[in-house]
Amino acid sequence: MDITADLNPPQKEAVEYAGGPLLILAGPGSGKTRVITHRIACLVKIYGVSPHRIMAVTFTNKAAREMKERLEKLLHLGAEDLTVGTFHAICARILRQDGKLVGLDNNFVIYDEEDQQSLVKQCLTDLDLDSRQYNPQKIRNAISYAKSLNLTPSDLAARTNSRWDDIVCRIYERYQEQLGQSNAADFDDLLMKVLYLFDHQPEILEKYRNRYLHFLVDEFQDTNIIQYQLIRLLGSRHRNICVVGDPDQSIYSWRFADIRNILSFEKDYPDAKVILLEQNYRSTKNILEAAASIISVNQQRKAKKLWTENHDGTPVTIVRTYSEQDEAQFVVNEILQLSRSNGIKPGDCVVMYRTNAQSRAIEEAFIRYGLKYKLVGGTRFYQRREIKDVLALLRIIQNPFDNISLSRIIKLPGRGIGQRTLSDLTNWARDNHLPLFTTIKIVSEGGGPPFGQKVRTTLEGYYRMLNDLIIQGQHLGVVDLLGMALENSGYRNYIREEDDGDERWENILELRTVAMDFNDLPAGEGLVRFLEQVSLVADADEIESKEDTTTLITLHQAKGLEFPVVFIIGMEEGLLPHRRSIEEGGAELEEERRLCYVGITRAQKHLYLLHTVHRSIFGSSSESIPSRFLDDIPEHLIERKGLPEIDSTYNGHSARYKRRPDEDEGITVTELLSKRLRQQSPSNDLLQISPGDNIRHNKFGKGQVIGIKSVGNDKEVIIAFEDAGVKKLLLSLAPLEKL
DNA sequence: GCAAACATGATTTTT
DNA sequence: TCATGTTTGC
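Residues numbered from 1 in each chain as written. Chains lettered and ligands numbered in written order. Predicted model: local features only at pLDDT ≥ 70, side-chain atom pairs only at ≥ 80, totals over all residues. Heavy atoms only, no water.

A. Representation of the overall build of chain A. Along its length, chain A carries 28 helices and 24 strands. For a compact globule of 739 residues, the expected C-alpha radius of gyration is about 27 Å, and chain A comes in at 29 Å, within 12% of that figure. When its C-alpha atoms are laid out on the principal axes, chain A stretches across 85 × 70 × 55 Å. Considering chain A as a whole, with its 739 residues, one finds that 53% of them fall into the buried category. Counted over contacts in chain A with a minimum sequence separation of 6, partners at least 24 positions apart contribute 74%. Entry remark: accessible area of chain A is about 33600 Å², with carbon and sulfur atoms responsible for 48%. Across chain A, the 94 positively charged side chains and the 105 negatively charged ones have centroids separated by 0 Å. (Helix = DSSP H or I, 4+ residues; strand = E, 2+ residues; numbered from the N terminus. Rg over C-alpha atoms; globule rule 2.2 N^0.38 Å. Buried < 20%, exposed > 50% of the residue type's maximum accessible area, 1.4 Å probe, protein only. Contact = heavy atoms within 4.5 Å. Areas by Shrake-Rupley, 256 points an atom, 1.4 Å probe, with all protein chains shown as cover. Lys, Arg positive; Asp, Glu negative; His and termini not counted. Charge placed at Lys NZ, Arg CZ, Asp CG, Glu CD.)

This is the structure we're talking about:
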């Protein structure tokens, strides 16, 4: 097959270029992913580069997996020899192998943000500092920032100039000591330690530097300084570094992603070839123009002109509703309408928002109308308490010196060890420079802090239990080990008695399913690999596209995706741009604008931008002002729906909504809106049903009506379906048939 | 040691 | 509003 067929000239050039450093600036929808995969294929098939000698760095594990799949499926290329992964995953692999040289045993554990935070708190206690005065989260963030710049505690100490910096420094130093004692690395350490390894063990650097001929880095605008340093060092031998990014889609600066990397690249490699991908294959002209009008306001930006051969399409719809409930209602109605008339399916639609909290009203509306939705993100699987507890238990088996995990599980109720005992243990451990696990061992042998006999017996039992699990871990597969750990630690009984114990137990079983993939590996290795996978992979479940399921997602997570129909809700000052960014101003505001741009450019055919007049935030209600970004879209691209424009000015602090005087005199805004919404949907006469009737729903199948409630002119019916369970549906919309 | 009452404070979140 | 962390009472 011809690898470069169907590529436009700049794409083709980007795929074939073999003259050293390459910077690809790829606008949204410009076929960036194709270019990367085809470039790899071209390197292998045409230039004869062994896949073993290619490294591709992606932003997420998901992206890595997809890239591998694409290469295998589309191009029939064996991808198992390729190094594809995130910076973190690749570095973890390197450290598993050679970490010993930088003080990491190969059974090291990886600390996530919650673990980091616990460790910071522990350090504050150790240094006798008040955690109310020194916010642990801020300290964690400051440490992470230092690490993103590859600064060690002493580097940082050299540049402190305030009391705060000084505190951060002291904690950072202790924090690193504690990580060392726990044989643990946090996310940032994975990168920093590899860089340190390369700096101090030239032969290791040589090994990797010689092996890799070609590097590809995706989402380069969202890399941080240390990541760039890493790739520069790795690529210093052959200089075939290809980076792909779009400065306009840089939305992770709060994660210390540094857009200057793109500038640095051009400076560090003056001979770098720069290729612009400006043709958009995704969106209609109207959508693309709206996006351009918003992003072009940014000052800190290289002008870039995207163009498309696609049709104008429909206008961008700006919708004003009264409340977030009405906003949700509009979305639901529009999805139903589109699926009736435009050949669009609910699965083609996505609802995007700035903050997770905004998904609630949407979810409620979807549930009410019996529409299916898929919430992306939210409370993430691996962040759930029960999952973290179980993982902590397994981590102790892998690495008993992991102090944070041990402190987490030892104080779980039901075992008679509480905060008091734990504090006594940690204090003693600290004073004697010993890990917690060793301390418990000493206590069970009669030493340690002065405990009463009862506590001593309890701790002895706990130590024996752990020790037994560690021994079992030597020869049991990871699934059996998990089962035994749950039993012996009493965790199973403990969690099942919780209020939502069933759900939590389900989650643990879900985790067990993940573990099954690692069950056939040799005992120790299975555990290591399983724990590494769950530490580095954030998303347990995937966005699988189903025809009937609408996606609900934050703007950040929407990066890289595309949908025929996009609804962005909460286009309001304070939400988008977010209040915190308005307060910060400048660069923060420009990032909000980019975020808005990312959202808009996800849309292929239809784009809806919604805002409300009233929104409740943290329970209390407040007036909202349309987002400034809406003002930047030229009127000729826009169609307005929902409530009419505010034609009054602000009255003191409260914006007052005025109805248009010529119509609907004497009814409230909410009534007006619901009237309009009703007018938009076909007014089929309501089905005459009463409780006890048997019905059929064209999706949920057979069921029995168990309740009816009037909602305005409509009725909400509660139906117990034979297969689909109990649902609340609106009679006017549910496709019901009386049996 | 542990559960219930109370206080608090809250974007985004690849790894 | 709601999910966390802290204090209090048994």
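Picking up where we left off.
B. Expanded view of the nonpolar core. Core analysis: the biggest nonpolar cluster contains 66 residues, and Ile-143, Ile-171, Leu-190, Phe-198, Leu-230 and Phe-265 have the highest contact counts within it. Phe-451, Val-478, Leu-486 and Leu-511 belong to the second largest nonpolar core, which has 49 residues in total. (Core = buried A, V, L, I, M, F, W, Y, C linked by side-chain atoms within 4.5 Å.)

C. Quick peek at helix H12 (residues 260–268). Listing the buried residues of H12 in full gives Asn-261, Ile-262 and Phe-265. All buried residues of H12 project into a common sector of 105 degrees when viewed along the axis, lining one side. Residues Leu-263 and Lys-267 are exposed on H12 and point more than 90 degrees away from its buried face. Next to the buried residues of H12 lie strand S1 (22–26), helix H11 (225–234) and strand S7 (241–245). (Arc of directions from axis to C-beta.)

D. Main features of the protein's contact with DNA strand B. Surrounding DNA strand B, one finds 35 residues, the nearest of these being Phe-59, His-88, Arg-255, Arg-380 and Thr-554. Take the atoms of DNA strand B that sit within 4 Å of the protein: sugar and phosphate atoms are 51% of them. The separation between a phosphate oxygen of DNA strand B and a polar main-chain atom of Asn-356 is 2.9 Å. In the model, a sugar or linking oxygen of DNA strand B is placed 3.2 Å from a nitrogen or oxygen of the Leu-536 main chain. (Near = heavy atom within 4 Å. Polar contact = N/O pair within 3.5 Å; in protein donor to acceptor, adjacent residues only side chain to side chain.)

E. Structural detail: the confidence of the model for chain A. Overall, the prediction assigns chain A a mean pLDDT of 87, with 91% of residues at 70 or greater. With pLDDT under 50 throughout, residues 647–685 is counted as low confidence; its partners more than four residues away or in other chains account for 47 contacts. (pLDDT = per-residue confidence, 0-100.)

F. Region of interest: the protein's contact with DNA strand C. Lining the immediate surroundings of DNA strand C are Arg-360, Phe-618 and Gly-619. Backbone atoms, meaning sugar and phosphate, form 50% of the atoms of DNA strand C found within 4 Å of the protein. A distance of 2.6 Å separates a phosphate oxygen of DNA strand C from a polar atom in the side chain of Arg-360.

G. Broad picture of the side chain of Arg-593. The topology assignment puts Arg-593 in helix H26 (residues 586–600). There is a polar contact of 2.9 Å between the side chain of Arg-593 and the backbone oxygen of Ile-294. A polar atom in the side chain of Arg-593 sits 2.9 Å from the side chain of Asp-632. In this structure, Arg-593 is in contact with Ile-294, Ile-295, Val-297, Asn-298, Phe-629 and Asp-632, ignoring residues within four places of it in sequence.

H. Inspection of the pattern of salt bridges at higher detail. Applying the stated criterion to the full structure yields 55 salt bridges. One connected set of salt bridges, linked through shared partners, spans Asp-112, Glu-114, Asp-115, Lys-388, Asp-389, Arg-395, Asp-402 and Arg-408. (Salt bridge = Lys/Arg side-chain N within 4 Å of Asp/Glu carboxyl O.)

I. The environment of Asp-246, seen in detail. Assignment of secondary structure puts Asp-246 in the loop between S7 and H12. C-alpha separation for the pair Asp-246 and Val-376, spaced 130 residues apart in sequence, amounts to 24 Å. Dropping the residues within four chain positions of it, Asp-246 is found in contact with Ala-26, Gly-27, Pro-28, Gln-221, Lys-304 and Tyr-597.

J. Inspection of the side chain of Thr-426 at higher detail. Along the polypeptide, Thr-426 turns up in helix H18 (residues 419–431). Looking at Thr-426, the relative accessible area reads 15%, which means it is buried. With residues up to four places along the chain from it excluded, the contact list for Thr-426 reads Gln-122 and Leu-436.

K. Examining the pairing of strand S6 (residues 214–217) more closely. Burial along S6 is two-sided: His-214 and Leu-216 and Phe-215 and Val-217, pointing in opposite directions, are all buried. Both strand S2 (residues 54–58) and S6 contribute to a ladder of 4 bridges, which runs parallel. Looking across to S6, one finds that Met-55 is bridged to Phe-215. Pairing geometry for S6 and S7, over 3 bridges, is parallel. Paired with Phe-215 across the bridge in S7 is Ile-241. This β-α-β element, S6 to H11 to S7, shows right-handed connectivity. (Pairing = 2+ DSSP bridges. Right-handed = clockwise from strand over helix to strand, strands pointing away.)

L. Up close: the packing of aromatic side chains. In the structure shown here, the tally under the stated rule is 16 aromatic pairs. The interplanar angle of 70 degrees and the centroid separation of 5.8 Å between the aromatic rings of Phe-220 and Tyr-228 together place this pair among those described as edge-to-face. Accessibility assignment for this pair places Phe-220 and Tyr-228 in one class, buried. Aromatic pair Phe-366 and Tyr-373: ring centres 5.9 Å apart, planes at 80 degrees, arrangement edge-to-face. Just above the ring of Phe-108 sits the side chain of Arg-96; from NZ or CZ to the centre is 3.9 Å. The ring of Trp-505 has Arg-492 sitting right over it, with the charged end atom 5.9 Å from the ring centre. (Phe/Tyr/Trp six-rings, centres within 6.5 Å; stacked < 30°, edge-to-face > 60°. Lys NZ or Arg CZ within 6 Å of the ring centre and 35° of its normal.)

M. Layout of the sheet that holds S1. Here 6 strands make up an open sheet; going across it, the order is S3-S2-S6-S7-S1-S8 and the pairing parallel. On the outer flanks of this sheet lie strand S3 (83–86) and strand S8 (273–277), each paired with one strand and no other. Here the average twist between neighbouring strands, direction ignored, is 15 degrees. Two elements, S2 and S3, share 4 bridges in a ladder whose sense is parallel. Its bridge partner lying in S3, Thr-58 is registered against Thr-86. Against the sheet, helix H4 (residues 87–98) contacts S2, S3 and S6, and its axis sits at roughly 115 degrees relative to S3. (Axes fitted to C-alpha atoms, helices over the stretch in contact; angles between N-to-C directions.)

N. Layout of the packing of helix H13 (residues 285–295) against H26. Running from N to C, H13 and H26 cross one another at 175 degrees; their axes reach a closest spacing of 9 Å. Considering the angle they form, H13 stands roughly antiparallel to H26. For the pair formed by H13 and H26, the contact residues are Ile-287, Ala-291, Ile-294 and Ile-295 on the first element and Arg-593, Arg-594, Cys-596, Tyr-597 and Ile-600 on the second. Counted by class, the contact of H13 with H26 contains 7 nonpolar, no polar and 2 charged residues. (Parallel < 35°, antiparallel > 145°, perpendicular 65-115°, else oblique. Nonpolar A, V, L, I, M, F, W, Y, C, P; charged D, E, K, R; others polar.)

O. Region of the structure containing the environment of Tyr-369. Tracing the sequence through the fold places Tyr-369 in the loop between helix H15 (359–368) and strand S13 (372–375). Under the relative-accessibility criterion, Tyr-369 is labelled buried at 9%. In this structure, the C-alpha to C-alpha distance between Tyr-369 and Glu-386, residues 17 residues apart in sequence, is 32 Å. Here Gln-329 takes part through its side chain, which lies 2.4 Å from a polar atom of the side chain of Tyr-369.

P. Layout of helix H1 (residues 9–16). Every buried residue of H1 is listed here: Gln-11, Ala-14 and Val-15. Looking straight down H1, one finds its buried side chains confined to an arc of 100 degrees; they lie on one side. Elements in contact with the buried residues of H1: S1, helix H2 (32–45) and S8. The N-terminus of H1 is capped by Asn-8, whose side-chain oxygen sits 2.9 Å from the backbone nitrogen of Gln-11.

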